[in-house]
Amino acid sequence: MKIIMLGAPGAGKGTQAKKIADAYHIPHISTGDIFRANLKEGTELGLKAKEYMDRGELVPDELTCDLVMDRIQKDDAKEGFVLDGFPRTIPQAEALTEALKKIGQVMDIAINVDVPDENIIERMGGRRACVGCGATYHIVTVPPKTEGKCDRCGADLILRDDDKPETVKKRLEVYHAQTQPLIDYYEKQGILKTVDGTKAPADVEADIFGLLKA
Ligand code: AP5
């Protein structure tokens, strides 16, 4: 199963993508996580990406596309994958469609996790991300079992630099201008499904699994 998660920053794409990846035994490919891992390792890509991420802007397509095309061709992605945070622009979506076409494949489903802007700002201030494995929590709606520690790997939980309110506002502007057009793009391909991302995480998960099993 080849799945794309669409939605505004903070809509819950990562939360749900991890559940899907675990259930279907396919890799969860998050471009945001890849950039953050590169930054942690101090690579040139990580340092370049940080400049854009800290401003709430998109990392240029030329730094992003090849990275994803290489990743989806790795052995562990042969049975499928969940893309989280990619594609984010029409050129990225076109690059993905073309790359798959060359190997006779297509994406199976694009799931749009729909959450209005007003809910997003509130969510982001409460998000905590694991410095070890990238798992995400929310101090109210998805709390870890032990405060400040990841349930999965025990590493520390932090507030991401780009979750400050001014940066979140910019990320939402960028989302509406550059990423929202992908909803039409995948609707035209006939693979778009939308779920109400304002429901509780377990209910969003049930709706998504209902779509995947249909
Ligand atoms: P990225 O890391 O992809 O961030 P994002 O898309 O902005 O999405 P988030 O990770 O912020 O949110 P999410 O939808 O995964 O929500 P989550 O599940 O965490 O990208 C960061 C930056 O990297 C970009 O700004 C850009 O600069 C760059 N970048 C990445 N990909 C790129 C690309 N392809 N091209 C160019 N640049 C790129 O949930 C959010 C919070 O809400 C959590 O606290 C969670 O616990 C909570 N929550 C989840 N679901 C619910 C629910 N149903 N109810 C209540 N709370 C919930």
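As the structure is a prediction and not an experimental result, all values here were calculated from the model.

Thresholds, definitions, all that
Residues numbered from 1 in each chain as written. Predicted model: local features only at pLDDT ≥ 70, side-chain atom pairs only at ≥ 80, totals over all residues. Heavy atoms only, no water. Helix = DSSP H or I, 4+ residues; strand = E, 2+ residues; numbered from the N terminus. Rg over C-alpha atoms; globule rule 2.2 N^0.38 Å. Buried < 20%, exposed > 50% of the residue type's maximum accessible area, 1.4 Å probe, protein only. Contact = heavy atoms within 4.5 Å. Areas by Shrake-Rupley, 256 points an atom, 1.4 Å probe, with all protein chains shown as cover. Pairing = 2+ DSSP bridges. Axes fitted to C-alpha atoms, helices over the stretch in contact; angles between N-to-C directions. Parallel < 35°, antiparallel > 145°, perpendicular 65-115°, else oblique. Nonpolar A, V, L, I, M, F, W, Y, C, P; charged D, E, K, R; others polar. Near = heavy atom within 4 Å. Polar contact = N/O pair within 3.5 Å; in protein donor to acceptor, adjacent residues only side chain to side chain. Phe/Tyr/Trp six-rings, centres within 6.5 Å; stacked < 30°, edge-to-face > 60°. Arc of directions from axis to C-beta.

K.L.:
I tried to follow the overall build of the protein chain on my own but got confused; where do I start?
P.N.:
Along its length, the protein chain carries nine helices and eight strands. Whereas a compact globule of 214 residues would reach a radius of gyration of roughly 17 Å, the protein chain reaches 16 Å, a difference of no more than 12%. Considering only C-alpha atoms, the protein chain reaches an extent of 45 × 40 × 35 Å along its principal axes. The proportion of buried residues among the 214 residues of the protein chain is 46%. The contacts of the protein chain with a sequence gap of at least 6 include a subset with a gap of at least 24, amounting to 69%. Of the roughly 11,000 Å² that the protein chain leaves accessible, carbon and sulfur atoms contribute 52%.

K.L.:
Just checking my understanding: could you explain the sheet that holds strand 6 (residues 136–138) for this structure?
P.N.:
Each strand in a sheet pairs with its neighbour through backbone hydrogen bonds, running either in the same direction (parallel) or in the opposite one (antiparallel). A sheet is described by the order of its strands in space; here three strands give the open sequence 6-5-7, paired in antiparallel fashion. One side of each edge strand has no neighbouring strand; the edge strands of this open sheet are strand 6 and strand 7 (157–158). Strand direction decides the pairing type here: strand 5 (residues 127–130) and strand 7, joined by two bridges, are antiparallel. Along strand 7, the bridge assignment pairs Ala129 with Ile158.

K.L.:
I would appreciate a short explanation of the packing of helix 5 (residues 90–102) against helix 8 (residues 181–188) in the present structure.
P.N.:
Helix-helix packing: each pair is described by the crossing angle between the helix axes and the interaxial distance. In contact at an axis separation of 10 Å, helix 5 and helix 8 are set at 30° when each is read in the N-to-C sense. With respect to helix 8, the axis of helix 5 lies roughly parallel. Counted together, Ile90, Ala93, Glu94, Leu96 and Thr97 of helix 5 and Pro181, Leu182, Tyr185 and Tyr186 of helix 8 form the full contact between these two elements. Per-class residue counts for the contact of helix 5 with helix 8 are seven nonpolar, one polar and one charged.

K.L.:
Sorry, what's going on with the site of the ligand here?
P.N.:
Around the ligand there are 37 residues in total, and Thr15, Glu57, Arg88, Arg127 and Arg171 lie nearest to it. Here an oxygen atom of the ligand sits 2.8 Å away from a polar atom, N or O, in the main chain of Gly14. Measuring from a nitrogen atom of the ligand, one finds a backbone N or O atom of Lys199 at 2.8 Å. Within the complex, 97% of the 1,000 Å² of free accessible area of the ligand lies under protein. Elements supplying a minimum of two residues to the shell around the ligand: helix 1 (13–24), helix 2 (31–41), helix 6 (117–126), strand 6 and helix 9 (201–213). Class assignment of the residues belonging to the shell around the ligand gives a composition of 14 nonpolar, 13 polar and 10 charged.

K.L.:
What's the story with the sheet that holds strand 2 (residues 28–30) in this structure? I'm lost.
P.N.:
If you walk across this open sheet you meet the five strands as 2-3-1-4-8, and the pairing is parallel. Bordering the open sheet on either side are strand 2 and strand 8 (192–196), each of which pairs with just one other strand. With direction set aside, neighbouring strand axes in the sheet form an average angle of 20°. Alignment of strand 4 (residues 109–114) against strand 8, held across five bridges, turns out to be parallel.

K.L.:
How should I be thinking about the packing of aromatic side chains in this particular structure?
P.N.:
The description of an aromatic ring pair rests on the distance of the ring centres and on the angle between the ring planes. Within this structure, the stated rule accounts for two aromatic pairs. On the basis of an interplanar angle of 20° and a centroid distance of 6.2 Å, the ring pair of Tyr24 and Phe209 is categorised as stacked. With Tyr24 in helix 1 and Phe209 in helix 9, this pair connects stretches of sequence that are 185 residues apart. Arranged with centres 4.9 Å apart and planes meeting at 80°, the rings of Tyr185 and Tyr186 form a pair that is edge-to-face.

K.L.:
For this particular structure, what's the right way to read the packing of helix 7 (residues 165–179) against helix 8?
P.N.:
Two elements in contact, helix 7 and helix 8, have axes whose closest approach is 6 Å; the angle formed by their N-to-C orientations is 35°. Contact residues: Tyr175, His176, Ala177, Gln178 and Thr179 in helix 7; Pro181, Leu182 and Ile183 in helix 8. Grouping the constituent residues of the contact of helix 7 with helix 8 by class yields five nonpolar, three polar and no charged.

K.L.:
Got a minute to help me understand the side chain of Thr167 in this structure?
P.N.:
Within the fold, Thr167 resides in helix 7. The class for Thr167 is buried, based on a relative accessible area of 10%. When near neighbours in sequence (up to four residues on either side) are disregarded, Thr167 contacts Met53, Asp54, Arg55, Gly56, Asp161 and Asp162.

K.L.:
Mind showing me how you'd approach helix 6 here?
P.N.:
Structurally, the α-helix is built with 3.6 residues per turn, so residues lying three or four positions apart point the same way. For helix 6, the set of buried residues is Ile120, Met124 and Gly126. Along the long axis of helix 6, the arc covered by the buried residues comes to 155°, so they all point the same way. What points out from helix 6, more than 90 degrees from its buried face, is the exposed set Glu118 and Glu122. Those residues of helix 6 that are buried are in contact with strand 5, strand 6 and helix 7.

By themselves, these are just geometric observations and shouldn't be taken as functional.
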